[in-house]
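Spelled out from the first residue to the last, the chains are:
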Amino acid sequence: MSAKRLGSAVIISGPSGVGKSTVCGKVREQFPELQFSISCTTRQPRPGEIDGVHYYYLSKDEFEKRIANGDFIEYARVFDNIYGTLASEVIERVQAGKDVFLDIDVQGAIQIQAAAEKNPLLKKVCEFILLAPPSFAVLEKRLRDRASDSAEQVEMRLAKAKYELSFFRKYNYLVVNDQLDKAVADVAAIIRSAGLRTDRLPEDFLQ
Ligand code: ADP
Ligand code: 5GP
């Protein structure tokens, strides 16, 4: 097989508290060769988070300079901070045949879809997964049990979740995070089948 096959960019998003970090952590264990896109953010690192590993932590000024420089394929304001995906985290890697995984919010995923309409490379390589809770009651329980937010913040996140889930038809796949192992297996199946798509093959794929 020719080495010129393109990589896939697998984008996962879903409401806060649905289990993205938990699912992505397990996916990372199963696919050590999968490259995770490291986002930029203006939020402060949480205890244990490392610059250049979990995020690139930028000041608001630095972030805005990079926006003006055209460095991002998408960026969005999420709960008072700005988050963005650097083109360099995605484009060069898929061109080199590497698969990239992105954990970004719904606004960001929709921006990448819009960009893909004008960018044939993005159009070829992107797969969009929406991670959904089994019900709003379960999402509320996960947000409360996580105990990192006040009651008002939980209400705000739930209202936002209803809005975000209304975009489900914009995604190629819906994975319900009920049983964690099943959700991880579903995401793994999507990553594997993405690697088999004909869109990513060069004309001379057999030599
Ligand atoms: P997100 O990254 O989407 O905000 P987290 O990964 O932080 O969400 O998960 C929110 C909470 O739900 C955490 O306490 C996590 O342990 C729990 N959780 C995640 N997936 C499941 C699951 N399938 N079943 C039960 N609890 C889960
Ligand atoms: P956290 O601050 O908990 O790490 O992430 C908060 C939210 O920001 C999550 O929903 C996560 O998916 C989203 N996020 C992380 N990186 C990016 C990014 O590069 N772009 C966008 N649009 N959202 C992101």
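In the block above lies the structure referred to throughout.
A short tour of the structure in this document, coming up. (Residues numbered from 1 in each chain as written. Chains lettered and ligands numbered in written order. Predicted model: local features only at pLDDT ≥ 70, side-chain atom pairs only at ≥ 80, totals over all residues. Heavy atoms only, no water.)

Here's the deal with the sheet that holds strand β1 (residues 9–13)
Now for step 1: If you walk across this open sheet you meet the five strands as β2-β7-β1-β8-β9, and the pairing is parallel. The open sheet has two edge strands, β2 (35–36) and β9 (173–176), and neither has a second partner.
Now for step 2: Relative to strand β8 (residues 126–132), β1 is paired through five bridges, and the arrangement is parallel. Residue I11 lies in a different strand from β8, and its bridge partner there is F128.
Now for step 3: Contacting β1, β2 and β7 (100–103), helix α3 (residues 87–95) runs over the sheet at an angle of about 160° to β7.
Now for step 4: Sheet contacts for helix α8 (residues 180–194): β1, β7, β8 and β9; angle to β9, the most-contacted strand, approximately 155°. (Pairing = 2+ DSSP bridges. Helix = DSSP H or I, 4+ residues; strand = E, 2+ residues; numbered from the N terminus. Contact = heavy atoms within 4.5 Å. Axes fitted to C-alpha atoms, helices over the stretch in contact; angles between N-to-C directions.)

A few points about the site of ligand 1
Now for step 1: What surrounds ligand 1 is a group of 13 residues, the closest being G17, K20, S21, T22 and N177.
Now for step 2: At 3.4 Å from a nitrogen atom of ligand 1 is found a main-chain nitrogen or oxygen belonging to L180.
Now for step 3: Of the pockets mapped on this structure, ligand 1 occupies the largest pocket.
Now for step 4: Residue assignment for the shell around ligand 1 shows that the elements contributing at least two residues are α1 (20–30) and α6 (136–146).
Now for step 5: Looking at which element gives the most residues to the shell around ligand 1, the answer is α1, with three residues.
Now for step 6: Looking at side-chain class alone, the shell around ligand 1 contains three nonpolar, six polar and four charged residues. (Near = heavy atom within 4 Å. Polar contact = N/O pair within 3.5 Å; in protein donor to acceptor, adjacent residues only side chain to side chain. 1 Å grid on protein atoms, 1.4 Å probe; cavity = no way out; pocket = protein on both sides within 12 Å on 5 of 7 lines; lining within 4 Å. Sits in = over half its atoms within 2 Å of the grid points. Nonpolar A, V, L, I, M, F, W, Y, C, P; charged D, E, K, R; others polar.)

Digging into the layout of surface pockets
Now for step 1: Computed from the structure, the largest pocket encloses a volume of approximately 1300 Å³.
Now for step 2: Surrounding the largest pocket, 43 residues form its lining, S21, R43, R46, Y55 and D103 being those nearest its centre.
Now for step 3: Where the lining of the largest pocket is concerned, the elements lending two or more residues are α1, β5 (72–78), β6 (81–86), β7, α6 and α7 (151–165).
Now for step 4: The biggest single contributor to the lining of the largest pocket is α1, with six residues.
Now for step 5: For the lining of the largest pocket, the class distribution of residues is 15 nonpolar, 14 polar and 14 charged.
Now for step 6: What the second largest pocket holds in volume is close to 220 Å³.
Now for step 7: In this structure, the second largest pocket is lined by 14 residues; those nearest its centre are A116, K123, C126, F128 and N172.
Now for step 8: Breaking the lining of the second largest pocket down by element, the ones donating at least two residues are α4 (106–118), α5 (120–125) and β8.
Now for step 9: Residues of the lining of the second largest pocket, tallied by class, amount to four nonpolar, two polar and eight charged. (Points joined across faces, edges and corners; volume = space filled by probe spheres on them.)

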